[in-house]
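Coordinate analysis (summary)
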Amino acid sequence: MSSENLSFWQHLDVLRGVLIRCIVAIMGCGVVFFCCKDWLFRAVFWATDSSFPLWRLMPLSADEDAFHLINTELTQQFIIHIEVAMMAGMLVAFPYIVYELVRFIAPALYPSEKKAAKPAVLWACTMFYMGMALSYFVIFPITYRFLAGYHVQTEVVNMISLRSYVSTMMVLSLMMGLLFQLPILCFVLSVIGILKADVMRHFRRYAIVAILIIAAVVTPTGDAFTLSIVALPIYLLYEVSILIVSKSQRT
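The paragraphs below set out a description of the structure included in this document. (Residues numbered from 1 in each chain as written. Predicted model: local features only at pLDDT ≥ 70, side-chain atom pairs only at ≥ 80, totals over all residues. Heavy atoms only, no water.)

V84, Y165 and V230 are the most contacted members of the largest nonpolar core, which has 58 residues in total. Here the element with the most residues in this core is helix α5 (residues 111-148); it accounts for 11 residues. (Core = buried A, V, L, I, M, F, W, Y, C linked by side-chain atoms within 4.5 Å. Buried < 20%, exposed > 50% of the residue type's maximum accessible area, 1.4 Å probe, protein only. Helix = DSSP H or I, 4+ residues; strand = E, 2+ residues; numbered from the N terminus.)

A separate point is the side chain of E100. Its location among the elements puts E100 in helix α4 (residues 76-105). E100 gets classed as buried once you look at its relative accessible area, which sits at 2%. Among the polar contacts listed, one links the side chain of E100 to the side chain of Y96, at a separation of 2.6 Å. E100 has contacts with V18, R21 and C22, leaving out every residue within four places of it along the chain. (Polar contact = N/O pair within 3.5 Å; in protein donor to acceptor, adjacent residues only side chain to side chain. Contact = heavy atoms within 4.5 Å.)

Contact geometry of α4 with helix α6 (residues 162-179) gives a least axis separation of 11 Å together with a crossing angle of 15°. Of the possible angle classes, the one that applies to α4 and α6 is roughly parallel. You can see that α4 and α6 cross each other, and the crossing is left-handed. Where α4 abuts α6, its residues Q76, Q77, I79, I80, E83, V84, M87 and M90 lie against L162, R163, V166, M170 and L174. Considering only residue class, the contact of α4 with α6 consists of nine nonpolar, two polar and two charged. (Axes fitted to C-alpha atoms, helices over the stretch in contact; angles between N-to-C directions. Parallel < 35°, antiparallel > 145°, perpendicular 65-115°, else oblique. Left-handed = near helix turned anticlockwise from the far one by under 90°. Nonpolar A, V, L, I, M, F, W, Y, C, P; charged D, E, K, R; others polar.)

Once that is clear, we can look at the packing of aromatic side chains. For the structure on display, the rule yields 17 aromatic pairs. Between the aromatic rings of F140 and Y165, the centroid separation amounts to 5.1 Å while the plane-to-plane angle is 80°, which identifies the pairing as edge-to-face. Of the two residues, F140 is situated in helix α5 and Y165 in helix α6; the sequence distance between them amounts to 25 residues. Of the two residues examined, F140 and Y165, each falls in the buried class. Ring pairing ties together the aromatic residues F41, F45, F140, Y144 and Y165, which thus form one cluster. (Phe/Tyr/Trp six-rings, centres within 6.5 Å; stacked < 30°, edge-to-face > 60°.)

Shape is all these values report; function is a separate question.
This is the structure:
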């Protein structure tokens, strides 16, 4: 039986299979990373090291180069180890997850939409990793150095917990990866005739407000500094999306 003739409940069964395969892929990759603990956490903590590429361009003082984290719960380090391993597993399995989801919705697409979906999948993976890389190499290190070194009074000592450090890194990286899907989403919407470039230009001012709100929501620290360095790339992506939609309308 072709997928076009499936009933609602049969579609749910197919979707369940897709989700199960995605979860198995994430967990399988996650187990591999779990077994590579030393390598995995060297990558996690590299952003604070003086050998990090950003800090080679912006040398740190002796005080800034000091890096200490604390752990306040008995099981926390083990749980964080699992969470980071599963996050890394999701990053590696992301192209397969996108492939499974596109294959699930492909029967409902028109031929022209299927044609546009192929490059969209490739660009979705590329933009996701670009967003993650921007967060890992630029946004998170700057955010951490600024906030960890900020003092309302010199007598107040910052004691950063392992949970705070890892959660901030993972949330920022994942959210930037997802937000970098904006051009792909706009392209798909333009192909199916929902979105126009003129509309995006007309509502640019409202989009800026929405971008600031989104940046405030996805920023785990809630401070204005992190919000601004998160909002700027999203706004640039919005402008790039206008160009992409304009080009897609002319073709």
